[in-house]
Amino acid sequence: MTMTTPRKIFAAAVAAGLAVAATTASAEWKGWNIHVPDYPVSVAMDDFIAKASEVTGGAVSGKTFHGGVLGSQPDAITQMQIGGINYAVFNMGPMGPIVPETNVLSLPFIFKDMDHMHRVMDGAFGDKLGEAMAAKGLVPLAWYDSGARSFYNSQKPINTPSDLDGMKFRVMNNELFVGMVEALGGNATPMAFSEVYQSLKTGVVDGAENNWPSYESTNHYEVAGYYSLSQHLILPECLCVSKASWDQLSAEDQAKVRKVARDSADLQRKLWADRAKASQAKVLESGVKFNEIADKAPFQDAMSAVYTAAIAKTPELEQLIADIKAVD
Ligand code: BDP
């Protein structure tokens, strides 16, 4: 046998490939992101990893994979737990099945407004929830904005819960959201973000719920042209690092990385405020029929069943709800 048999070339290539992969894996962090590259989350994540590399002199470096190319959010959360994904921005909605305490954030109308959410998450409460997440292998470094989620659909404006009767809504991956839609009289199906456009277009679902920037960036507004301002969920997002990666950093580098993560959250929140306005203007110009909901009380009242069911499943939620309410 000579050195040039296909088998030897293959073996050599595999060996070389593995060597490269091993070096890359230890030096380079892989970042998961569901959003398109110009989205506020995406810009802030790119800023975070560039600055993290700068301040740690390259001890941390990496690349963010935008647009959900590394898979759906529920899968990415599991991947992060085992260190396959090193950093990510996750919406806290699909975190509930992994870290039940975080379901407190998915309780509809739990926050008074965005400022209240900031006061809660940036304080001791955010740290407490962070500990529960770290115990599951996910270390939150900073909280990003995701506005308020409202219902939209292809059929009609929603003004009262009875308007949801007979309609099917896509929700994020968490049973709590199925209960939320059912408590309002609609049907719900959990589905990956990437599948929603096609499902709306083909009528597999009649509607979904999201903030203005996601409604716009995904083009859902083209296939579901009624947006009703229910603002039922104000869900923060976390810039998280895999505990496996985090534990490899010195305490000094951890402090530096945490600082640039918080700076990136400041940037993200500024970008978010601008994008929310721009996205709203864009979809309204394109002819989306938008309505405010004059009386949200019937929506809020219907949620007591959701709270009761969530507390029955995770008793710790009762205290966490009280903690949130105690923050002015
Ligand atoms: C967006 C969130 C994103 C979620 C998405 C969804 O930023 O993390 O995956 O909603 O509805 O607002 O799945």
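Residues numbered from 1 in each chain as written. Predicted model: local features only at pLDDT ≥ 70, side-chain atom pairs only at ≥ 80, totals over all residues. Heavy atoms only, no water.

Caption draft 1: Highlighting the packing of aromatic side chains. Throughout the structure, instances matching the rule amount to 12 aromatic pairs. The interplanar angle of 40° and the centroid separation of 6.3 Å between the aromatic rings of tryptophan 29 and tyrosine 87 together place this pair among those described as tilted. With tryptophan 29 in strand β1 (residues 28-32) and tyrosine 87 in strand β3 (residues 87-91), the pair connects residues that are 58 residues apart, well separated along the chain. Take tryptophan 29: its relative accessible area is 7%, and that puts it in the buried class. A centroid spacing of 6.0 Å and a plane angle of 10° characterise the contact between tyrosine 152 and tyrosine 227, whose relative ring orientation is stacked. Linking tyrosine 152 in strand β5 (residues 149-153) with tyrosine 227 in strand β9 (residues 226-233), this pair joins segments that are 75 residues apart in sequence. Like tyrosine 227, tyrosine 152 is buried. Grouping aromatic residues by their ring pairs yields a cluster made of Tyr152, Trp212, Tyr215, Tyr221, Tyr227 and Phe290. (Phe/Tyr/Trp six-rings, centres within 6.5 Å; stacked < 30°, edge-to-face > 60°. Helix = DSSP H or I, 4+ residues; strand = E, 2+ residues; numbered from the N terminus. Buried < 20%, exposed > 50% of the residue type's maximum accessible area, 1.4 Å probe, protein only.)

Caption draft 2: Region of the structure containing unusual backbone geometry. Despite not being glycine, phenylalanine 109 shows a phi value in the positive range, around 60°. Mapping phenylalanine 109 onto the fold places it in the loop between β3 and α4 (114-121). A positive phi angle, close to 45°, is found at glutamine 231, a residue other than glycine. Considering the arrangement of structural elements, one finds glutamine 231 in strand β9. A relative accessible area of 33% means that glutamine 231 is categorised as partly exposed.

Caption draft 3: Local environment of the environment of glutamine 155. With respect to the helices, strands and loops of the structure, glutamine 155 is situated in the loop between β5 and β6 (168-171). Sequence separation between glutamine 155 and glycine 207 is 52 residues; the distance between their C-alpha atoms is 8.3 Å. Residues within four places of glutamine 155 in sequence aside, it is in contact with Met167, Asp206 and Tyr226. Of note is the side chain of glutamine 155, whose polar atom sits 3.0 Å from the side chain of serine 154. (Contact = heavy atoms within 4.5 Å. Polar contact = N/O pair within 3.5 Å; in protein donor to acceptor, adjacent residues only side chain to side chain.)

Caption draft 4: Main features of the sheet that holds strand β4 (residues 138-144). The 5 strands lie next to each other as β2-β1-β3-β10-β4, forming an open sheet whose pairing is mixed. The open sheet is flanked by β2 (61-65) and β4, the only strands paired with a single partner. Sheet twist, expressed as the mean angle between neighbouring strand axes with direction ignored, is 25°. When β4 meets strand β10 (residues 237-242), the two strands line up antiparallel, connected through 6 bridges. Following the sheet pairing, valine 139 is matched in β10 by valine 241. Together, β1, β3, β4 and β10 form the strand contacts of helix α3 (residues 73-81), whose direction differs from that of β3 by roughly 140°. Contacts from helix α5 (residues 124-134) reach β4 and β10 within the one sheet, and its direction differs from that of β4 by about 145°. (Pairing = 2+ DSSP bridges. Axes fitted to C-alpha atoms, helices over the stretch in contact; angles between N-to-C directions.)

Caption draft 5: Spatial organisation of the site of the ligand. Within the structure, the ligand sits among 13 residues, and His35, Arg149, Arg170, Asn210 and Glu237 are positioned closest to it. Separating an oxygen atom of the ligand from a side-chain N or O atom of arginine 149 is a distance of 2.9 Å. Within the side chain of arginine 170, one N or O atom sits 2.7 Å away from an oxygen atom of the ligand. Split by residue class, the shell around the ligand holds 3 nonpolar, 7 polar and 3 charged. The two domains that each donate at least three residues to the shell around the ligand are domain 1 (29-145 + 235-277) and domain 2 (148-234 + 289-325). (Near = heavy atom within 4 Å. Nonpolar A, V, L, I, M, F, W, Y, C, P; charged D, E, K, R; others polar. Domains from an automatic or database assignment.)

Caption draft 6: The arrangement of the pattern of salt bridges in detail. A full pass over the atoms with the stated rule returns 11 salt bridges. When the shortest N-O distance is used, the salt bridge between glutamate 252 and lysine 256 registers 3.6 Å. Separated by 4 residues within a single helix, glutamate 252 and lysine 256 lie in helix α11 (residues 251-285), roughly one turn from each other. Residue glutamate 252 is classed as exposed on the basis of its relative accessible area, which comes to 56%. (Salt bridge = Lys/Arg side-chain N within 4 Å of Asp/Glu carboxyl O.)

Caption draft 7: The environment of asparagine 153, seen in detail. Relative to the elements of secondary structure, asparagine 153 occurs in strand β5. Looking at asparagine 153, the relative accessible area reads 0%, which means it is buried. Between the alpha carbons of asparagine 153 and glycine 225 there is a distance of 6.4 Å; along the sequence they are 72 residues apart. The contact partners of asparagine 153, leaving out residues within four places of it in the chain, are Ile158, Met167, Phe169, Asp206, Gly207, Ala224, Gly225 and Tyr226. A distance of 2.8 Å separates a polar atom in the side chain of asparagine 153 from the backbone oxygen of lysine 156.

Caption draft 8: Examining the packing of helix α13 (residues 304-313) against helix α14 (residues 317-326) more closely. For the pair α13 and α14, the least separation of the axes is 8 Å and the interaxial angle reads 125°. With respect to α14, the axis of α13 lies oblique. When α13 is examined against α14, the residues Tyr307, Ala310 and Ile311 are found in contact with a partner set consisting of Leu317, Glu318 and Ile321. Taken together, the residues that form the contact of α13 with α14 break down as 5 nonpolar, no polar and 1 charged. (Parallel < 35°, antiparallel > 145°, perpendicular 65-115°, else oblique.)

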